[in-house]
Protein chains: 2
Amino acid sequence: MTDKEIVEKILEKVAAEGRSSLTAPEGRDVCEAYGIPTPHERLATTAEEAVAQAEEIGLPVVLKIVSPDILHKTEAGGVLVGLATADAVADGFRTIVGNAKAYDADAGITGVQVQQLLTGGQEVIVGATTDRTFGKIVAFGLGGVLVEVLKDVTFRLAPLDRDQAFSMIDGIAAAEVLRGVRGAEPVSRDALAEVLTRVGALVTDFPQLAEVDLNPVLATADGATAVDVRILVDPEAAREPVRFSQEEILASMTRIMKPASIAVIGASAEAGKIGNSVMKNLVDGGFAGEIHPVNPKAAEILDHKAYPSISDVPGDVDVAIFAIPAKFVPAALEEAGRKGVAGAILIPSGFGETGNIALQDQVVAIARGHGVRILGPNIYGYYYTPENLSATFCTPYDVKGGVALSSQSGGIGMAILGFSRSAKMGVSSIVGVGNKADIDEDDLLTFFEHDENTELIAMHLEDLKDGRSFAETAKRVSARKPVVVLKAGRTTQGAKAASSHTGALAGDDKVYDDILRQSGVIRAPGLNDLLEFARGIPLLPTPKGENVVIITGAGGSGVLLSDACVDNGLNLMEIPPDLDTAFRKFIPPFGAAGNPIDITGGEPPATYRNTIALGLEDERIHALILGYWHTIVTPPMVFAELVSEVVSEYRAKGIHKPVVASLAGDVEVEEASDFLYQHGVVAYPYTTEKPVAVLGAKYRWARSAGLLG
Amino acid sequence: MTDKEIVEKILEKVAAEGRSSLTAPEGRDVCEAYGIPTPHERLATTAEEAVAQAEEIGLPVVLKIVSPDILHKTEAGGVLVGLATADAVADGFRTIVGNAKAYDADAGITGVQVQQLLTGGQEVIVGATTDRTFGKIVAFGLGGVLVEVLKDVTFRLAPLDRDQAFSMIDGIAAAEVLRGVRGAEPVSRDALAEVLTRVGALVTDFPQLAEVDLNPVLATADGATAVDVRILVDPEAAREPVRFSQEEILASMTRIMKPASIAVIGASAEAGKIGNSVMKNLVDGGFAGEIHPVNPKAAEILDHKAYPSISDVPGDVDVAIFAIPAKFVPAALEEAGRKGVAGAILIPSGFGETGNIALQDQVVAIARGHGVRILGPNIYGYYYTPENLSATFCTPYDVKGGVALSSQSGGIGMAILGFSRSAKMGVSSIVGVGNKADIDEDDLLTFFEHDENTELIAMHLEDLKDGRSFAETAKRVSARKPVVVLKAGRTTQGAKAASSHTGALAGDDKVYDDILRQSGVIRAPGLNDLLEFARGIPLLPTPKGENVVIITGAGGSGVLLSDACVDNGLNLMEIPPDLDTAFRKFIPPFGAAGNPIDITGGEPPATYRNTIALGLEDERIHALILGYWHTIVTPPMVFAELVSEVVSEYRAKGIHKPVVASLAGDVEVEEASDFLYQHGVVAYPYTTEKPVAVLGAKYRWARSAGLLG
């Protein structure tokens, strides 16, 4: 259906003429070659020709100037719409050419496009642009001024398949318009999806196409036609970042995360020095492998024999930790490279972040030359708890568990450490990526994907070096393990300077948001959400379906928990009559069954227990949200204990459902919430939002990983 | 400019004919009487008349059937647009009448409206409807299918002034369209505001107008014309709720909140009984007034002489607390009424909330008969700490301060109590309003407005009995004291059954949102926000302007704090060159001035101190957000102490600016945050969102109270 050769020939001509854009007829030919319908049209060079062509196509027609030198045709008075008679066409031809010459006396005029006038249908915009993070992306939105104002557009990586195309058509806020409103016929989703996938294929096959703008595409019940086509070419747009293979990444990362031997370059016996803190943490953290301090002026540091240079260390070294000033790094890295280390952990600052990009480029070049991977520079280091490895100048971390975290910023890394310790969050790894001169989130994801000690990956990031690679990796990883991302700087970038509609619409954050979601990533709206999601999601069993039930002692909590369900895209189960009857047996007559199930305040522990047990027992229910109300009859710890008992009873029977709880009451609910959390129930005091947000995050992951069946 | 008599006469006719809607010509006349422009039009009863009128008005024209029996004209084939010749008009007349007869053979046909065809301009919708909470409200949005799908509409109470009308025009998401995009002329805001205020006046003057739909109104650079008018009449729509005067409310509420004498009906010596808990809390809480247990079977309870009936209590009684089952309340209330109590605190449940509406109505009637105000029923009671008054079955609360809180739900009340105690939040009052049979948020607001012990009012509510009264009261109160509202149930109501566009667009929550905002209320998105806003806002001085500056040790926190500023509508100050230079003096060369000011990690306390001091000193800066990064050089408590020192130094000099802080670090940042909070700096660990959200809430209040100058 596609004809690459036609496009190749056109692009050769454009390149030969040194142009950066295609003419309208060229654009049309490119579309037709890729099976994207365009209106019937001809190129006229005289008024007479225009009239003949118009009569052949069928009146009324549109006339448009064709000139390689005129990009903004309307501005140049180069467009006339709805010419209905032969005379009008002849006059129109002359007017347009006149206007074009007046607009730019030097413009070369190829002719005038005579185009079929399409009416009716819904205007949409389909485009492709070259994003600096993600490369080729496809955009879709409704046409018209309103959408331009409201920025109701969606993006996907190119190429894309039909399902992704459908998800775009359904993914804009105004999607209902395409399904037909006020008696309008629905547009052909198939035809639109076809255009979207073909545009994706086109820019993938020809990466030098920097921007493709089909605006408008006229979508009707029968088809979709690209009325106006604008294509920009830029050889730069075809550049691809360097990538390592999965095998290469895994080989290096495994040696880095599970090293047998570590050298600390700049190790020091002097308290307060970074080289001392790193040594102390390695030793005190309980790392069982070899630790070799490197310091030309010391014989021994912390009971470990010191060496003047890494070259002097006996045997293989997997990881070299650099605790020396930036300016000494190149020479030391050269030696470490010759020694054959897998990873260079560059703690020092003074590289790209202070403007010293040359130095950073230099160390990357040295590392590449030796096949060494760099973590950092400008980082606190990293933790890998299964190996008792605290390769950092912060304090050791020892609560082992399945959560791997990374941060681009040192400050955020410290917040991760503090929160984890305070919440007793079981962690497999905490990694600072800093300047990301080399190792980035993509490498970490690939390692953690295969790491049997990691169940969930949570990442703070400010940018992605290679968003396309990250998206593809995250898609693969998140099918097995939840990936939570806090993307900082989402509001600072603003619109980029762009010369096409699609480019102008592609605000950084919307592109990130759409593509991360498509990759199955759970996006955390803020730092605290990142931390709470990381802590809570692994604790919750994966739900088997969408039916969520709220059981609450406080009607007021029930209402707020329902609000939170809607906010988090959770589906409050419609309770079937038999189940309703079953619940009613346990609750007072003035309680409310339905959903939320309001057992009413002042009920004894048995009422909580019976209703929760029924919620766990009944196969049609997939998740429980509990609203507790502090009373004398059922005090907080009594509630906490009964809930953890009944939940573990059912887990023992093989019934695993996510249970979260909101506790409303006096200060004792804090202890009760902690107790519940330690027993596998995600519970919080004084908030109805947080427990539901964590459950919602678990659901988002389960849905995108296809686990809900 | 308005002519009420014309409208009166039309409505008399409609009422006399038992109709519930106006005909199009009647609607047009109503509009014209209120100075709302409509297209030129005539009523034709024959085809010949139609032709003559069309030629008089000017071709092309629109023809529309006029029939009291046909509401949906288009559906009945009763509308033809763009008839450009006399023949077309004559044919059109016959076609329309024929269609109408075919649609409904029994329909009375008044004639055919011949209307000027307006073209160009922007279609908008202006309407008014009768909201069950707020009464008459005016709606505004763009016309067209897209807006209907995207629900981009805004609401205000009717009547409204020109400023409010302008705030509607500017308040829709697509407002930019009206200001002219893609070279279109901006529409006349004056003309649109005129239509909005006139519609507001119309439904205020004639409350029986249940719905007014001007759809579309064609807005151009010169004017705004109501092209189609639909008006529905319903005598029920004119009903107004009963209201007390401010003086009446204050008189009762003051006796209730500051009573000299309290009777506890159903007081008990038996531990575990509500009547015992209430007595204990009154006594243990340290209430200094008289406490009179009422119990026919006891002589003394907790060392207080008991009386068989409230009638036997000597002297005046201000408040009677009911701790008896619901069924005994009417008789006891009758007695309390005769005794002349100001307030009856109905703790028992078993009224409206369990379906026993008749009993609830009965007690309200008894109370009204005696001029008694009822709090509840179905509540935990209330606290008023300045009087050491804990009139509740929960535990006493003794951290005095300026925050007054109320909750509609008992569970939420317990969460308020627990959070307050845990956070050591200074509270003036906590009130449960429960079923709100009588006293509601409006009464509380009025009391707290004048209460010298209250600085801020925070309310959890699920509905408003009289939203109009609340909105007016809140507007008055919030000009002096911040009013924070958590409106629960915001997502559950769904669209109401409605017969007009305006009605269908008026989803409950959007109406609440718009009107609460107009009333100066700070809406809390969730329970935890309500509590944190209540705690933090009174601590922060009111900013004098919009210039917010971030000073951060961690670049990563700076980015997230900037995101949070955008999320919360805060304005990151553009730092003028001289100030930039001044900041640069204190920070390392590779630090970033600008805003955020990144002092970089690893800086000593002096760098924090100097930059913060400069931020407080410089008059152009109005608020500070601090991002702290835990390092050995400046440990958490050192940071906390230096910040509180420098802040209090400047407060001593009379410089009061809001300062909030986000602390990233190991667990010691928790203690440091508490310390800061206790010293007037709103600080949180492990979150960049919360401190900025509290500052944002303070700003929203300061802005709407007109305090930013």
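Remember, it's a predicted structure, so these values are computed and weren't measured experimentally.

Scanning chain A from terminus to terminus reveals 24 helices and 30 strands. Taken along its principal axes, the extent of the C-alpha atoms in chain A is 90 × 80 × 35 Å. Counting every atom, chain A has about 26,000 Å² of accessible surface; 52% of that belongs to carbon and sulfur. Across chain A, 62 positive and 93 negative side-chain charges occur, with their mean positions spaced 3 Å apart.

Our focus in this paragraph is the UniProt feature "domain: ATP-grasp" (unreviewed entry) in chain A. Here the UniProt-annotated "domain: ATP-grasp" (unreviewed entry) positions come out as residues 28-223 of chain A. For residues 28-223 of chain A, helix accounts for 36% and strand for 28%, while the C-alpha atoms at its two ends are 17 Å apart.

This part covers the interface of chain A and chain B. Contact residues are listed per partner, giving 62 residues for chain A and 62 residues for chain B. Summed over both partners, the interface of chain A with chain B comes to about 5,000 Å²; 66% of that surface belongs to carbon and sulfur atoms. Counting every contact that joins chain A to chain B gives 2 salt bridges. As a salt-bridge pair, R421 of chain B and D666 of chain A come within 2.8 Å of each other at their nearest N and O atoms. Here chain A and chain B share 16 residue pairs in polar contact (both at pLDDT 80 or more) between them. Those elements that place two or more of their residues in the side of chain A that touches chain B are α5 (145-150), α7 (175-178), α13 (410-423), β23 (483-487), α18 (527-536) and α19 (555-567) of chain A. Of the residues forming the side of chain A that touches chain B, the biggest block, 10 residues, is contributed by α13 of chain A. A per-class count over the side of chain A that touches chain B returns 28 nonpolar, 22 polar and 12 charged.

Residue and element names in this part refer to chain A. Its place among the elements puts S252 in helix α9 (residues 246-257). Owing to a relative accessible area of 15%, S252 belongs among the buried residues under this scheme. The contact partners of S252, leaving out residues within four places of it in the chain, are A342 and R373.

For the pair chain A and chain B, the best superposition has an RMSD of 0.1 Å and corresponds to a rotation of 180 degrees with a translation of 0.1 Å parallel to the axis. Taken together, these values place the two copies in the relation of a two-fold axis. No C-alpha of chain A lies nearer the rotation axis than that of L146 of chain A, which sits 4.1 Å from it. A share of 100% of interface residues in chain A that are also interface residues in chain B marks the association as one of identical surfaces.

All names here are of chain A. A cluster of acidic side chains, namely D3, E5, E8 and E12, defines a negative patch on the protein surface. Relative to the elements of secondary structure, D3 occurs in the segment before α1 (4-16). Take D3: its relative accessible area is 33%, and that puts it in the partly exposed class.

Right, let's get into the sheet that holds strand β11 (residues 261-265) of chain A. Adjacent strands of a sheet pair through backbone hydrogen bonds, lying either parallel or antiparallel. Residues and elements named next belong to chain A. The 5 strands are arranged β12-β11-β15-β16-β17 in an open sheet whose pairing can be described as parallel. Looking at which strands have only one partner, the edges of the open sheet turn out to be β12 (290-294) and β17 (373-375). Between one strand axis and the next, the sheet turns through 20 degrees on average, direction left out of account. Pairing of strand β15 (residues 319-322) with strand β16 (residues 343-346) involves 4 bridges; the strand directions are parallel. The residue bridging I321 from the neighbouring strand is I345, located in β16.

Here we come to the packing of helix α20 (residues 577-584) of chain A against helix α21 (residues 605-617) of chain A. All names here are of chain A. Between α20 and α21, whose axes approach to 10 Å, the crossing angle comes to 155 degrees. With respect to α21, the element α20 is oriented roughly antiparallel. Contact residues: L579, A582 and F583 in α20; T611, L614 and G615 in α21. Residues that form the contact of α20 with α21 fall into these classes: 4 nonpolar, 2 polar and no charged.

Time to look at the sheet that holds strand β23 (residues 483-487) of chain B. Residue and element names in this part refer to chain B. Pairing in this open sheet of 7 strands is mixed, and the strands run β19-β18-β21-β20-β22-β23-β24 from one edge to the other. The sheet is open, and its two borders are formed by β19 (389-392) and β24 (522-523), each paired with just one other strand. Relative to β23, strand β22 (residues 456-461) runs parallel, the two being bridged by 5 bridges. Bridging from a neighbouring strand, M459 pairs with V485 of β23.

On to the pairing of strand β29 (residues 659-664) of chain B. Residue and element names in this part refer to chain B. Of all 6 residues in β29, 6 are buried, a share of seventy percent or more. The two faces of β29 match: V659, A661 and L663 on one face and V660, S662 and A664 on the other face are all buried. Bridge count between strand β28 (residues 623-629) and β29: 6 bridges; the pairing is parallel. When the bridges of β29 are listed, I625 appears paired with V660. This β-α-β element, β29 to helix α23 (residues 668-678) to strand β30 (residues 682-685), shows right-handed connectivity.

Where charged atoms from two side chains of opposite charge come close, those side chains can pair. All names here are of chain B. This model, assessed by the stated rule, comprises 86 salt bridges over all chains. Taking the shortest distance from any N to any O, the salt bridge between D466 and R243 comes out at 2.6 Å. Residue D466 is located in the loop between β22 and α15 (467-478), and its partner R243 is located in the loop between β10 (229-233) and α9 (246-257); the two are separated by 223 residues in the primary sequence. With relative accessibility at 9%, the residue D466 sits in the buried group. Of the residues examined, R243 reaches a relative accessible area of 36% and is grouped as partly exposed. The shortest N-O distance in the salt bridge between R535 and E532 comes to 3.7 Å. Note that R535 and E532 are positioned in helix α18 (residues 527-536) at a spacing of 3 residues, about one turn of the helix. It is possible to trace a salt-bridge network through shared partners that takes in D509, K510, D513, D514, R517 and R523.

This part takes up unusual backbone geometry. All names here are of chain A. Cis geometry marks the peptide bond from G376 to P377, where omega comes out at -5 degrees. Inspection of the secondary structure assignment puts P377 in the loop between β17 and β18 (381-384). Phi is positive for N388, close to 50 degrees, though the residue is something other than glycine. Within the secondary structure layout, N388 lies in the loop between β18 and β19 (389-392).

Here the focus is the packing of aromatic side chains. Each pair of aromatic rings is reported with the distance of its centres and the angle of its planes. The final tally for this structure, using the stated rule, is 18 aromatic pairs over all chains. For the pair Y628 of chain A and F639 of chain A, a centre-to-centre distance of 4.4 Å together with 25 degrees between the ring planes defines the contact as stacked. Separated by 11 residues along the polypeptide, Y628 of chain A in strand β28 (residues 623-629) and F639 of chain A in helix α22 (residues 636-652) bring together distant segments of the chain. Ring geometry for F447 of chain B and F448 of chain B: centres 5.5 Å apart, planes at 65 degrees, overall edge-to-face. Linked through ring pairs, Y384, F447 and F448 of chain A together constitute an aromatic cluster. Residue placement shows K653 of chain B over the ring face of Y650 of chain B; its charged tip is 4.1 Å from the ring centre.

A separate point is the packing of helix α22 (residues 636-652) of chain B against α23 of chain B. Residue and element names in this part refer to chain B. Look at α22 against α23: their axes get within 8 Å of each other, and the N-to-C directions meet at 15 degrees. Comparing their axes, α23 and α22 come out roughly parallel. Seen from above, α22 lies across α23 with right-handed handedness. Here P636, M637, F639, A640, E641, V643 and S644 of α22 lie close against α23, whose contacting residues are E668, V669, E671, A672, F675 and L676. Per-class residue counts for the contact of α22 with α23 are 9 nonpolar, 1 polar and 3 charged.

Let us look at the nonpolar core. The biggest cluster of nonpolar side chains holds 102 residues, and the ones touching the most others in it are F140, L192 and L214 of chain A together with F140, L192 and L214 of chain B. Other than its neighbours up to four places away in sequence, L214 of chain B contacts C31, I36, V124, I125, V126, V195, V199, A226, D228 and V229 of chain B.

Residues and elements named next belong to chain A. Inspection of the secondary structure assignment puts G108 in the loop between α4 (86-103) and β4 (111-116). For the pair G108 and P68, spaced 40 residues apart in sequence, the C-alpha to C-alpha distance is 6.7 Å. Those residues in contact with G108 that sit more than four places away from it in its chain are V66, S67, P68 and D69.

Looking now at the environment of K13 of chain A. All names here are of chain A. Following the sequence through the fold, K13 ends up in helix α1. Classification of K13 as partly exposed rests on a relative accessible area of 44%. When neighbours within four sequence positions are excluded, K13 is seen to be in contact with R19 and E26.

What counts and how
- Residues numbered from 1 in each chain as written.
- Chains lettered and ligands numbered in written order.
- Predicted model: local features only at pLDDT ≥ 70, side-chain atom pairs only at ≥ 80, totals over all residues.
- Heavy atoms only, no water.
- Helix = DSSP H or I, 4+ residues; strand = E, 2+ residues; numbered from the N terminus.
- Areas by Shrake-Rupley, 256 points an atom, 1.4 Å probe, with all protein chains shown as cover.
- Lys, Arg positive; Asp, Glu negative; His and termini not counted.
- Charge placed at Lys NZ, Arg CZ, Asp CG, Glu CD.
- UniProt positions renumbered as here; feature names shortened; annotations may be inferred.
- Contact = heavy atoms within 4.5 Å.
- Buried area = accessible area lost by both parts, 1.4 Å probe.
- Salt bridge = Lys/Arg side-chain N within 4 Å of Asp/Glu carboxyl O.
- Polar contact = N/O pair within 3.5 Å; in protein donor to acceptor, adjacent residues only side chain to side chain.
- Nonpolar A, V, L, I, M, F, W, Y, C, P; charged D, E, K, R; others polar.
- Buried < 20%, exposed > 50% of the residue type's maximum accessible area, 1.4 Å probe, protein only.
- Least-squares fit on C-alpha atoms with pLDDT ≥ 70 in both.
- Patch = residues over 30% accessible without salt bridge, like charges linked within 9 Å, V, L, I, M, F, W, Y side chains within 5 Å.
- Pairing = 2+ DSSP bridges.
- Axes fitted to C-alpha atoms, helices over the stretch in contact; angles between N-to-C directions.
- Parallel < 35°, antiparallel > 145°, perpendicular 65-115°, else oblique.
- Right-handed = clockwise from strand over helix to strand, strands pointing away.
- Phe/Tyr/Trp six-rings, centres within 6.5 Å; stacked < 30°, edge-to-face > 60°.
- Lys NZ or Arg CZ within 6 Å of the ring centre and 35° of its normal.
- Left-handed = near helix turned anticlockwise from the far one by under 90°.
- Core = buried A, V, L, I, M, F, W, Y, C linked by side-chain atoms within 4.5 Å.

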